[in-house]
Amino acid sequence: MQKVVISGTGLYTPPNSISNDELVVSFNAWAERFNQENAEAIAAGELAPAPLSSSEFIEKASGIKSRHVVNKSGILDIDRMVPDIPERSNDEWSILCEMSVKAATEALERAGRTAADIDGVIVACSNLQRAYPAIAVEVQAALGIQGFGFDMNVACSSATFGIQAAANTVSTGQARAVLMVNPEICTGHMNFRDRDSHFIFGDACTAVIVERAEDAVSEHQFEIVGTKLLTQFSNNIRNNFGFLNRADESGIGQPDKLFVQEGRKVFREVCPMVAELIGKHLEELKLSVADVSRFWLHQANLNMNMLIARKLLGRDPDLEKEAPVVLDEYANTSSAGSIIAFHKYQDDLPSGSHGVICSFGAGYSIGSVIVRKR
């Protein structure tokens with residue numbers, strides 16, 4: 001079994017950003033129009049009025065201040081409130097492929113590698129734009145990588161599960177190095193007319209190079225000390241969109257064909273599960289919480305991250321040094337979130353430092369990757 005390292009990370013950030021204030025202006029304009037148009041039904045108790053949103057509500061509930069998006073105009077247009085992303089012909093690279101290539105290019109550069117050094121591609125994300133051919137195989141072709149590629153989906157935990165899959169592939173000698181990418185256009189499955197969730201998501205793509213430690217030449221190497229995965233079925237986060245929707249027309253366009261969640265239940269149930277899994281994982285590797293210099297947690301909700309870190313540390317974390325936050329700028333980018341935090345907050349750690357990359361979300365699914373700076 002080969003020792004394995006993460007030797008490079010990359011990040012693609014879409015050029016457009018939407019602030020809470022901009023999002024609220026759009027949402028409230030739609031809500032007020034909805035209430036006016038349905039005033040009689042609302043007065044008769046036949047229809048619930050659309051509640052108004054506010055920037056203060058959003059930041060208090062989530063810690064989110066803005067989000068980067070692939071398309072801004074379509075989201076803020078109250079007659080649309082869906083990103084405007086034109087379909088591309090089959091002769092063009094898909095948008096997920098394009099995002100993946102941009103993030104992968106930076107990851108390869110940081111790893112000191114080229115496409116010729118990579119033997120496999122894993123695209124791990126919450127929402128794939130088509131069933132087949134695999135986006136990973138398209139990314140492989142776009143980058144000129146020889147070998148194999150496959151897609152995988154474990155919702156918000158896709159990146160940590162993808163790292164484990166890549167690490168296993170490299171450690172067993174099936175590949176010298178694997179590129180794992182997380183193209184997330186989360187705004188595509190967001191209901192921008194739901195007050196309780198219209199602010200949650202943003203778009204981004206991250207990339208990770210996993211390779212044999214003995215081959216690595218990067219200045220940014222983190223040995224993968226161990227991985228631990230957990231899934232437990234729950235309907236509290238769900239998206240029922242799929243190819244069978246067309247087989248029952250009554251479901252087309254219903255809210256459950258987009259992201260839906262029972263937020264309070266998720267908070268109450270997931271946080272202790274995450275803290276327990278990380279604690280057990282450290283114990284199995286004969287490490288203590290005190291041995292961990294940094295926690296790169298899933299960027300879904302600031303309150304969740306604070307509670308998880310508090311359960312582990314026994315106190316509030318230092319958000320700059322111990323549990324860095326990027327969701328204030330990026331919002332929830334599903335599987336990309338913990339990798340964005342890792343990418344942006346790793347270079348200052350001294351050699352020998354331990355860190356935990358942890359993601360959690362629908363499934364429920366939780367992934368923990370413990371690393372040591374070389």
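Residues numbered from 1 in each chain as written. Predicted model: local features only at pLDDT ≥ 70, side-chain atom pairs only at ≥ 80, totals over all residues. Heavy atoms only, no water.

K.L.:
How would you summarise the overall build of the protein chain if you had to cite specific residues and measurements?
P.N.:
When helices and strands are counted, the protein chain shows eleven helices and 13 strands. In terms of C-alpha radius of gyration, the protein chain reaches 21 Å, essentially the compact-globule figure of 21 Å for 374 residues. Buried residues in the protein chain amount to 53% of all 374 residues. Put simply, of all contacts in the protein chain between residues at least 6 apart along the chain, 77% involve residues at least 24 apart. About 16,500 Å² of surface is accessible on the protein chain, with carbon and sulfur atoms providing 49% of the total. Mean positive and mean negative side-chain charge positions of the protein chain (34 and 47 charges, respectively) differ by 6 Å. (Helix = DSSP H or I, 4+ residues; strand = E, 2+ residues; numbered from the N terminus. Rg over C-alpha atoms; globule rule 2.2 N^0.38 Å. Buried < 20%, exposed > 50% of the residue type's maximum accessible area, 1.4 Å probe, protein only. Contact = heavy atoms within 4.5 Å. Areas by Shrake-Rupley, 256 points an atom, 1.4 Å probe, with all protein chains shown as cover. Lys, Arg positive; Asp, Glu negative; His and termini not counted. Charge placed at Lys NZ, Arg CZ, Asp CG, Glu CD.)

K.L.:
Go over the pattern of salt bridges with me, naming the residues and quoting the values.
P.N.:
Under the definition given, this model contains 19 salt bridges. The salt bridge partner of arginine 33 is aspartate 79, with a shortest N-O separation of 2.7 Å. Highlighted residues: arginine 33 in helix α1 (residues 20-37) and aspartate 79 in the loop between α4 (73-76) and α5 (95-111), separated in sequence by 46 residues. A relative accessible area of 29% means that arginine 33 is categorised as partly exposed. Classification of aspartate 79 as exposed rests on a relative accessible area of 58%. With a closest N to O distance of 3.8 Å, aspartate 84 and arginine 80 form a salt bridge. What makes aspartate 84 partly exposed here is its relative accessible area of 38%. What you see here is one network of salt bridges that share partners, running through Arg88, Glu98 and Lys102. (Salt bridge = Lys/Arg side-chain N within 4 Å of Asp/Glu carboxyl O.)

K.L.:
Just give me the short version of the UniProt feature "domain: Beta-ketoacyl-[acyl-carrier-protein] synthase III C-terminal" (unreviewed entry) in the protein chain, but keep the residues and values in it.
P.N.:
Mapped onto the present numbering, the UniProt feature "domain: Beta-ketoacyl-[acyl-carrier-protein] synthase III C-terminal" (unreviewed entry) falls at residues 282-372. End-to-end, the C-alpha atoms of residues 282-372 are 12 Å apart, and along that stretch the chain is 31% helix and 24% strand. (UniProt positions renumbered as here; feature names shortened; annotations may be inferred.)

K.L.:
Quick one: what's the story with the UniProt feature "domain: Beta-ketoacyl-[acyl-carrier-protein] synthase III N-terminal" (unreviewed entry) in the protein chain, residue by residue and with numbers?
P.N.:
Residues annotated in UniProt with the feature "domain: Beta-ketoacyl-[acyl-carrier-protein] synthase III N-terminal" (unreviewed entry) correspond here to residues 150-218. The distance from the first to the last C-alpha atom of residues 150-218 is 25 Å, and the span holds 20% helix and 32% strand.

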